[in-house]
Amino acid sequence: MRQIALAALALTVMPGCHAKFKKNASSLQQVRVQTVLTGAPYVNLGKVYADSQDAPILQLAAAVVNTVQVVKEIDQTARIANAVHVSEVNRALEAGLAQTLQGGPPFAYTDDTQAPALLQIEVDSYGLNVPWLGAPGEFTYSLHMRIYKADGERVYNAWHTCEAGAGTPSAPEVVFSVVNNVRSLSEMSDADIHAAFETIAFWCGQEVVLKMRRHAG
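The structure reproduced in this document is the subject of the present report. (Residues numbered from 1 in each chain as written. Predicted model: local features only at pLDDT ≥ 70, side-chain atom pairs only at ≥ 80, totals over all residues. Heavy atoms only, no water.)

**Observations concerning the overall build of the protein chain**
- Within the protein chain, the secondary structure is distributed over five helices and six strands.
- Going from N to C terminus, the protein chain has its helices and strands arranged as β-α-β-α-α-β-β-β-β-α-α.
- Residues counted as buried form 45% of the 217 residues belonging to the protein chain.
- Summarising the internal contacts of the protein chain: among those between residues at least 6 apart in sequence, 77% fall at separations of at least 24.
- Carbon and sulfur atoms make up 54% of the accessible area of the protein chain, which totals about 10600 Å². (Helix = DSSP H or I, 4+ residues; strand = E, 2+ residues; numbered from the N terminus. Buried < 20%, exposed > 50% of the residue type's maximum accessible area, 1.4 Å probe, protein only. Contact = heavy atoms within 4.5 Å. Areas by Shrake-Rupley, 256 points an atom, 1.4 Å probe, with all protein chains shown as cover.)

**Concerning helix α5 (residues 190–216)**
- Over its 27 residues, α5 extends 39 Å from the first C-alpha to the last, a length consistent with the 39 Å expected when each residue adds 1.5 Å.
- Gly 217 occupies a position one or two residues after α5 and carries a positive phi of about 80°. (Expected span 1.5 Å × (residues − 1).)

**Describing the nonpolar core**
- Leu 119, Tyr 141, Leu 143, Ile 147 and Met 212 are the most contacted members of the largest nonpolar core, which totals 46 residues.
- If you list the elements that add at least two residues to this core, you get β2 (30–44), α2 (56–83), α3 (86–101), β4 (117–129), β5 (137–149), β6 (154–166) and α5.
- Counting residues per element, this core draws most heavily on α5, which supplies 12 residues.
- In contact with Leu 119, not counting residues within four places along its chain, are Val 31, Arg 32, Val 33, Gln 34, Leu 97, Met 145, Arg 146, Ile 147 and Met 212. (Core = buried A, V, L, I, M, F, W, Y, C linked by side-chain atoms within 4.5 Å.)

**Thoughts on unusual backbone geometry**
- Put simply, Gly 104 and Pro 105 share a cis peptide bond, and its omega is 0°.
- Its place among the elements puts Pro 105 in the loop between α3 and β3 (108–109).
- The omega angle of the peptide bond from Pro 105 to Pro 106 is 0°, so this bond is cis rather than trans.

**Some remarks on the pairing of β4**
- Here β4 lies mainly inside the structure; 11 of its 13 residues are buried.
- Pairing between β2 and β4: 12 bridges, direction parallel. When the sheet's bridge partners are listed, Tyr 42 is paired in β4 with Gly 127.
- When β4 meets β5, the two strands line up antiparallel, connected through 12 bridges. Note on β5: the bridge partner recorded for Ile 121 is Met 145. (Pairing = 2+ DSSP bridges.)

**Notes on the packing of α3 against α5**
- One can describe the packing of α3 onto α5 by two numbers: an axis separation of 7 Å at closest approach and a directional angle of 35°. As for how α3 packs across α5, the hand of that crossing is right-handed. Of α5, the residues touching α3 (which contributes Glu 88, Val 89, Ala 92, Leu 93, Ala 95, Gly 96, Leu 97, Gln 99, Thr 100 and Leu 101) are His 194, Phe 197, Glu 198, Ala 201, Phe 202, Cys 204, Gly 205, Gln 206, Val 208, Val 209, Leu 210 and Arg 213.
- Taken together, the residues of the contact of α3 with α5 sort by class into 13 nonpolar, six polar and three charged. (Axes fitted to C-alpha atoms, helices over the stretch in contact; angles between N-to-C directions. Left-handed = near helix turned anticlockwise from the far one by under 90°. Nonpolar A, V, L, I, M, F, W, Y, C, P; charged D, E, K, R; others polar.)

**Regarding the side chain of Asn 90**
- Looking at the element boundaries, Asn 90 is found in helix α3.
- If we skip the residues at most four places from it in the chain, Asn 90 touches Thr 35, Leu 37, Val 123 and Tyr 141.

**A look at the packing of aromatic side chains**
- Taken as a whole, this structure holds three aromatic pairs when the rule is applied.
- Feature note: the residues Phe 21, Phe 107 and Tyr 156 constitute an aromatic cluster, connected by ring pairs. (Phe/Tyr/Trp six-rings, centres within 6.5 Å; stacked < 30°, edge-to-face > 60°.)

**Quick notes on the side chain of Arg 146**
- Along the chain, Arg 146 turns up in strand β5.
- Accessibility expressed as a relative area gives 15% for Arg 146, which makes it buried.
- Within the structure, Arg 146 has its side chain in polar contact with the side chain of Glu 122 (distance 2.8 Å).
- With near-sequence residues (within four places) excluded, Arg 146 lies in contact with Leu 118, Leu 119, Gln 120, Glu 122, Arg 154, Tyr 156 and Asn 157. (Polar contact = N/O pair within 3.5 Å; in protein donor to acceptor, adjacent residues only side chain to side chain.)

**So, the state of the cysteines**
- A complete count under the given rule lists one disulfide for this structure.
- Each sulfur of the disulfide joining Cys 162 and Cys 204 lies 1.9 Å from the other. Taking the torsion about the sulfur-sulfur bond, which here is approximately 75°, the covalent link between Cys 162 and Cys 204 counts as right-handed. Here Cys 162 is found in strand β6, whereas its partner Cys 204 is found in helix α5, with 42 residues between them in sequence.
- On the accessibility criterion, Cys 204 (0% relative accessible area) is buried. (Disulfide = S-S within 2.5 Å.)

Purely geometric numbers; function is a separate question.
This is how it looks when you write it as structure tokens:
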């Protein structure tokens, strides 16, 4: 898999009680993984914000810029959707998880369909987020994870968002150089775009295991 330098990495987990998971984790023994895509790609480009107290000319300028940004978002979202092979990215996510989890703790990874437990990973969304106009972009990969025992009882429920900085000085080759995210995306091949998401998915699978271990106590 193509390796890219990752910067400004963050993994956030929605707060919640994991007491049930702590109680059941060690008894799960082996868990198989099923990854499904439930969301869609997105691109959120930076906007210009103006309030009612600003001069009318500034409000108009902001509206024009934001309209252009929305059009670009639609175009670039379609570009990502066409470039990314979801099944391969899902396999990369599972590969990162399997490589890190291996024989445990808190349980072992298996591809046996008769395993006593199932880890279901729903990919809620994946895409590019630029928090404000001129800011570096961040690749995002948002997951909803649940673990079910053989009898159908759910023992784990968590949301995970992996973010990898794009265009930072320490990783200029990541994807979107400097701040011109749209221009840089247009200069990338479809293979480059796919490789970027595949790499982030693999890393995200690794980070998810570390978080599950913490939740398991």
